[in-house]
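# Fold and geometry: a report
Here is how the chains run, residue by residue.
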4 protein chains.
Amino acid sequence: MARGINKVILVGNLGNDPEVRYTGSGTAIATLSVATSESWTDKQSGERQERTEWHRVKMFGKLAEIAGEYLKKGRQVYIEGSLRTEKYTDKSGVEKYSTDIVASDMQMLGGPGGGEGGGSGGGGFQRERPQGGQRQQGGGNYGGGYDNQARGGSAPSPSAPANTGGFEDDDIPF
Amino acid sequence: MARGINKVILVGNLGNDPEVRYTGSGTAIATLSVATSESWTDKQSGERQERTEWHRVKMFGKLAEIAGEYLKKGRQVYIEGSLRTEKYTDKSGVEKYSTDIVASDMQMLGGPGGGEGGGSGGGGFQRERPQGGQRQQGGGNYGGGYDNQARGGSAPSPSAPANTGGFEDDDIPF
Amino acid sequence: MARGINKVILVGNLGNDPEVRYTGSGTAIATLSVATSESWTDKQSGERQERTEWHRVKMFGKLAEIAGEYLKKGRQVYIEGSLRTEKYTDKSGVEKYSTDIVASDMQMLGGPGGGEGGGSGGGGFQRERPQGGQRQQGGGNYGGGYDNQARGGSAPSPSAPANTGGFEDDDIPF
Amino acid sequence: MARGINKVILVGNLGNDPEVRYTGSGTAIATLSVATSESWTDKQSGERQERTEWHRVKMFGKLAEIAGEYLKKGRQVYIEGSLRTEKYTDKSGVEKYSTDIVASDMQMLGGPGGGEGGGSGGGGFQRERPQGGQRQQGGGNYGGGYDNQARGGSAPSPSAPANTGGFEDDDIPF
DNA sequence: TTTT
DNA sequence: TTTT
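Residues numbered from 1 in each chain as written. Chains lettered and ligands numbered in written order. Predicted model: local features only at pLDDT ≥ 70, side-chain atom pairs only at ≥ 80, totals over all residues. Heavy atoms only, no water.

As recorded by an unreviewed UniProt entry, chain A carries the name Single-stranded DNA-binding protein and is attributed to Rhodanobacter geophilus. According to the UniProt record, the Function (unreviewed entry) comment for chain A is "Plays an important role in DNA replication, recombination and repair. Binds to ssDNA and to an array of partner proteins to recruit them to their sites of action during DNA metabolism." Regarding chain A, the UniProt comment filed under Subunit (unreviewed entry) reads as follows: "Homotetramer." (UniProt positions renumbered as here; feature names shortened; annotations may be inferred.)

Okay, structure coming up:
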């Protein structure tokens with residue numbers, strides 16, 4: 001339960017391959033560096049300015065495993081999560097703070113992208129948090145499950161439909 | 001699984017008490033009318049303009065029950081969900097479309113608000129989608145569960161097919 | 001000014017090329033059909049289910065012009081906007097409702113995509129093509145403001161500098 | 001312009017009255033501490049757990065002035081903005097990082113709330129980012145303007161600090 | 001430091 | 001039909 005909303009939405013590119021490690025109990029933890037940048041023309045100078053923001057994103061469990069398997073440096077991703085700031089003391093005894101985004105949802109965007117070819121399919125794996133209606137209808141297992149929420153034991157089975165985005169004109173109701 | 005993101009975030013006020021009904025299998029379905037409005041001063045006339053948008057929000061299962069119990073006309077709420085457009089044929093045989101927001105998260109905002117005093121506390125029930133870290137690490141039960149996702153055991157009966165959103169003519173566009 | 005939040009976030013694919021028309025005063029209006037879909041495995045049947053949601057997105061002004069010029073059928077886009085339901089009377093005299101998303105922000109995602117090979121998309125705008133570190137080599141630029149907000153009079157200058165988004169490993173602060 | 005999406009949405013309560021200061025050129029800068037908390041029942045112990053997240057929110061220009069005037073400790077607010085991490089050197093010469101949310105939109109929620117009764121008014125000032133349609137069509141002045149976007153002339157000029165990020169391995173708390 |  |  002929460003009193004409040006703490007939500008982050010990112011669309012950006014990975015600056016590196018994800019780093020994945022495992023807890024003693026075997027839970028995967030992935031750390032991603034995601035860049036979002038904005039540029040603008042300076043009013044005075046008329047020069048082009050740019051600022052890149054780097055976000056450290058943490059994923060746990062199945063989501064972390066998928067990230068480790070399919071995400072690669074350069075890949076464009078959609079991330080949804082929440083902010084978590086942690087205080088720690090570095091080895092010099094100095095107190096510091098570090099702010100992460102704990103991901104609850106992830107989707108790979110565009111093609112496989114990535115410098116080195118990226119994970120194959122990819123496409124078939126994007127997913128979003130299941131929404132009420134459909135979930136009702138039988139079950140919502142949605143083979144995918146890139147969501148830190150819906151995870152059961154069965155694994156997200158990164159096989160999948162592939163048929164992403166394929167549609168006929170007639171499908172469109174307007 | 002989803003290819004794409006279909007997300008709606010609303011902060012608005014209820015125009016009416018929620019309407020709650022039950023499927024054959026006992027799943028609660030709540031329908032809310034949520035108003036968001038914006039106003040501005042017309043450049044030409046200098047007059048105050050206002051436009052109110054009414055949103056039909058559907059909730060299922062536990063979320064619907066909480067809505068039915070604690071939400072009242074006038075109450076301010078945060079809603080997160082997704083868009084779902086349904087086609088139906090009205091009694092005159094005319095094809096129509098109706099767009100709902102299927103809520104996956106809800107939080108009551110501010111005080112009880114509402115014309116008639118609103119439900120008392122409520123407070124204890126607001127919740128947010130659980131976030132990675134905690135969930136993983138054994139914890140995460142969060143007594144409340146205002147979220148259509150996190151439900152385990154009893155569940156809002158993810159059976160209840162069809163009938164979700166099944167419209168009657170009277171249900172139509174506000 | 002607004003009392004309330006009315007926000008939609010979509011990541012989906014265009015079902016068609018945008019339709020662009022102009023008001024008497026010369027303002028461009030673009031209409032897009034954006035698909036978001038989710039799929040899941042039915043618990044009972046074990047069969048793959050899929051549901052595609054179609055969203056009608058409206059854009060105005062500069063944003064509409066950019067959409068008309070660079071977006072093509074099949075292309076993946078990020079859309080941010082708000083819901084607007086309009087009542088109208090069709091030619092048979094039947095009252096109907098139509099819910100649109102009025103876009104305030106848009107970003108092209110991934111490569112040009114598109115069923116038919118996606119139009120080149122127009123040099124500078126192919127942006128968002130995450131080729132790892134290669135992105136910077138000529139991708140993304142749209143010098144200006146795909147945002148209905150930031151627009152001044154100067155136009156978004158779809159030419160522009162290019163160098164957006166490139167990064168070396170060293171740039172990453174963690 | 002942006003390559004990527006960097007968006008934060010918060011609903012939380014102010015831990016203190018906003019701190020407002022002014023740049024040499026007279027632009028207001030407000031700093032807010034916003035709490036979002038979540039609680040849950042621990043599976044093992046059955047005890048109630050709670051975690052509160054504190055967010056530092058920065059506002060510039062008109063938005064900062066409104067915050068300074070109407071927001072008070074305890075008040076519930078909706079904040080929309082983006083993440084910005086800054087590196088700085090504290091007085092002991094230690095390099096530190098600080099992550100802020102730069103607000104682009106704010107709305108006061110619920111009643112005046114707050115320990116000391118809060119400023120009444122408020123209400124009239126909530127606003128949301130203007131949406132395409134109206135803006136285009138000549139209207140859109142919206143007396144309020146709680147939005148960091150719509151600003152023309154002076155601009156808040158957070159003077160692009162450039163110095164984004166830059167961690168050492170030692171800084172990392174895990 | 002808030003809120004429930 | 002709400003809210004300010």
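Back to the write-up after that little detour.
## Considerations on the overall build of chain A
Assigned secondary structure in chain A consists of two helices and seven strands. Counting helices and strands in the order they occur from the N terminus, chain A gives β-β-β-β-β-α-β-β-α. With 174 residues in all, chain A has 60% of them scored as buried. Put simply, 57% of the contacts in chain A that link residues at least 6 apart link residues at least 24 apart. In the structure as shown, chain A presents an accessible area of about 6000 Å², 44% of it carried by carbon and sulfur atoms. (Helix = DSSP H or I, 4+ residues; strand = E, 2+ residues; numbered from the N terminus. Buried < 20%, exposed > 50% of the residue type's maximum accessible area, 1.4 Å probe, protein only. Contact = heavy atoms within 4.5 Å. Areas by Shrake-Rupley, 256 points an atom, 1.4 Å probe, with all protein chains shown as cover.)

## Some remarks on the pairing of strand E3 (residues 19–22) of chain D
Residue and element names in this part refer to chain D. Inspection of the sheet shows E3 paired to strand E4 (residues 28–41) by four bridges, in the antiparallel sense. Note that in E4 the partner of Tyr22 across the bridge is Ala28. The hairpin turn running from E3 into E4, its antiparallel successor, is five residues long, and Gly26 in that turn takes a positive phi close to 95°. (Pairing = 2+ DSSP bridges.)

## Regarding the protein's contact with DNA strand E
For DNA strand E, the set of nearby residues contains 14 residues, the closest of which are A:Arg3, D:Gly15, D:Asn16, D:Thr52 and D:Trp54. Separating a base oxygen of DNA strand E from a backbone N or O atom of D:Gly15 is a distance of 3.5 Å. Contacts to DNA strand E include D:Ser33, whose side-chain N or O atom sits 3.4 Å from a base nitrogen. Top contributing element to the surface near DNA strand E by residue count: E4(D), with three residues. (Near = heavy atom within 4 Å. Polar contact = N/O pair within 3.5 Å; in protein donor to acceptor, adjacent residues only side chain to side chain.)

## Things to note about the side chain of C:Glu80
Tracing the sequence through the fold places C:Glu80 in strand E6 (residues 76–89). At 3.1 Å, the side chain of C:Glu80 and the side chain of C:Tyr78 are in polar contact.

## A word on the environment of A:Val34
Residues and elements named next belong to chain A. Here Val34 shows up in strand E4 (residues 28–41). C-alpha separation for the pair Val34 and Leu14, spaced 20 residues apart in sequence, amounts to 4.6 Å. For Val34, the contacting residues outside a window of four places in its chain are Gly12, Asn13, Leu14, Glu53, Trp54, His55, Val57 and Val77.

## Topic: helix H1 (residues 61–70) of chain A
With seven of 10 residues buried, H1(A) lies mostly within the body of the structure. The set of residues buried in H1(A) consists of A:Gly61, A:Lys62, A:Leu63, A:Ala64, A:Ile66, A:Ala67 and A:Tyr70.

## What about the environment of C:Ala30?
Residue and element names in this part refer to chain C. By the secondary structure assignment, Ala30 is in strand E4 (residues 28–41). The spatial distance from the C-alpha of Ala30 to the C-alpha of Pro18 is 6.2 Å, given a sequence separation of 12 residues. Once residues within four sequence positions are removed from consideration, Ala30 is found in contact with Glu19, Val20, Val57, Lys58, Met59, Ala64 and Ala67.

## Describing the confidence of the model for chain A
All names here are of chain A. Mean pLDDT over chain A stands at 75; residues scoring 70 or higher make up 64%. Overall, residues 113–145 carries pLDDT values under 50, and its contacts beyond four positions in sequence, including any with other chains, amount to 143 contacts. Note on residues 149–166: pLDDT is under 50 here. Beyond four places in sequence and across chains, it has 35 contacts. (pLDDT = per-residue confidence, 0-100.)

## Focus on the pairing of E4(A)
Residues and elements named next belong to chain A. Within E4, 11 of the 14 residues are buried, leaving the element largely enclosed by the surrounding structure. Judged from the two bridges that link them, strand E2 (residues 5–14) and E4 form a sheet pairing that is antiparallel. Looking across to E4, one finds that Leu14 is bridged to Val34. Here 13 bridges tie E4 to strand E5 (residues 48–60), and the two strands are oriented antiparallel to one another. Bridge assignment links Val34 to a residue of E5, and that residue is His55. Between E4 and E5, which pair antiparallel and follow one another directly, the connecting turn spans six residues, one of which, Gly46, has a positive phi of 70°.

## A few points about the pattern of salt bridges
Throughout the structure, instances matching the rule amount to 36 salt bridges over all chains. Taking the shortest distance from any N to any O, the salt bridge between B:Glu65 and B:Lys62 comes out at 3.2 Å. Taken together, the residues span about one helical turn, with B:Glu65 and B:Lys62 both in helix H1 (residues 61–70) at a distance of three residues. B:Glu65 gets classed as partly exposed once you look at its relative accessible area, which sits at 30%. Within the structure, one salt-bridge network assembled from shared partners comprises A:Lys7, A:Glu80, B:Lys7 and B:Glu80. (Salt bridge = Lys/Arg side-chain N within 4 Å of Asp/Glu carboxyl O.)

## A few points about H1(B)
Within H1(B), the full set of buried residues consists of B:Gly61, B:Leu63, B:Ala64, B:Ile66, B:Ala67 and B:Tyr70. Those residues of H1(B) that are buried are in contact with strand E3 (19–22), strand E4 (28–41), strand E5 (48–60) and strand E7 (95–108) of chain B.

## Examining the environment of D:His55
All names here are of chain D. Take His55: it is sitting in strand E5 (residues 48–60). Sequence separation between His55 and Asp100 is 45 residues, and the spatial gap between their C-alpha atoms is 7.2 Å. There is a polar contact of 2.8 Å between the side chain of His55 and the side chain of Thr36.

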